[in-house]
Amino acid sequence: MNGLVKKALGALAIKEGIERIQDMRRPKPSLLSRLLKPLLLVSVAGGIVYLQKTGKLGPLVQQAKGLAGAPGNSYTGDPASNGSTSFASTTAGSV
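Now for a description of the structure that goes with this document. None of the values given here were measured: they were computed from a predicted structure. (Residues numbered from 1 in each chain as written. Predicted model: local features only at pLDDT ≥ 70, side-chain atom pairs only at ≥ 80, totals over all residues. Heavy atoms only, no water.)

**Notes on the overall build of the protein chain**
Across its full length, the protein chain holds three helices and two strands. The linear arrangement of helices and strands in the protein chain, starting from the amino end, is α-α-α-β-β. Each of the 95 residues in the protein chain was classed as buried or not, and the buried ones make up 1%. If you sum the accessible surface of the protein chain, you get close to 8,300 Å²; carbon and sulfur atoms cover 66% of it. (Helix = DSSP H or I, 4+ residues; strand = E, 2+ residues; numbered from the N terminus. Buried < 20%, exposed > 50% of the residue type's maximum accessible area, 1.4 Å probe, protein only. Areas by Shrake-Rupley, 256 points an atom, 1.4 Å probe, with all protein chains shown as cover.)

Here it is as structure tokens:
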């Protein structure tokens, strides 16, 4: 084997060894920081499932569409009216 190739392989091995030692010495993240993203994802999914089961997800979606200016639906409910809402369908050209 060529001497230059041997030196390159040796340098690569030393570099990899140093990187492994640095990785072993690097402090590990805490349990909370490692589990925060999965817990957040599970809690959001659980909230959506809960809202779907209780029948409250549909009105929230319609309200969000109305606030975003989605065509075809407009939110006309009073926010202080004990949760009762009314939705009016709008069409282009009607007054």
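**Thoughts on a nonpolar patch on the surface**
There is a patch of nonpolar side chains on the surface, built from M1, V5, L9 and L12 and spanning about 410 Å² of accessible area. Here M1 shows up in the segment before α1 (3-25). For M1, a relative accessible area of 72% corresponds to the exposed category. (Patch = residues over 30% accessible without salt bridge, like charges linked within 9 Å, V, L, I, M, F, W, Y side chains within 5 Å. Salt bridge = Lys/Arg side-chain N within 4 Å of Asp/Glu carboxyl O.)

**What to know about helix α3 (residues 57-68)**
Helix length check: α3 (12 residues) gives 16 Å between terminal C-alpha atoms against 16 Å at 1.5 Å per residue, within 8%. The positive-phi residue at the C-terminal boundary of α3 is G69, with phi of around 80°. (Expected span 1.5 Å × (residues − 1).)

**A few points about the pattern of salt bridges**
Evaluated as defined, the whole model comprises three salt bridges. Close ionic contact of K15 with E16 constitutes a salt bridge, the shortest N to O distance being 3.5 Å. Exposure remark for K15: the relative accessible area of 39% places this residue in the partly exposed category. A network of salt bridges, in which partner residues are shared, links K15, E16 and E19.

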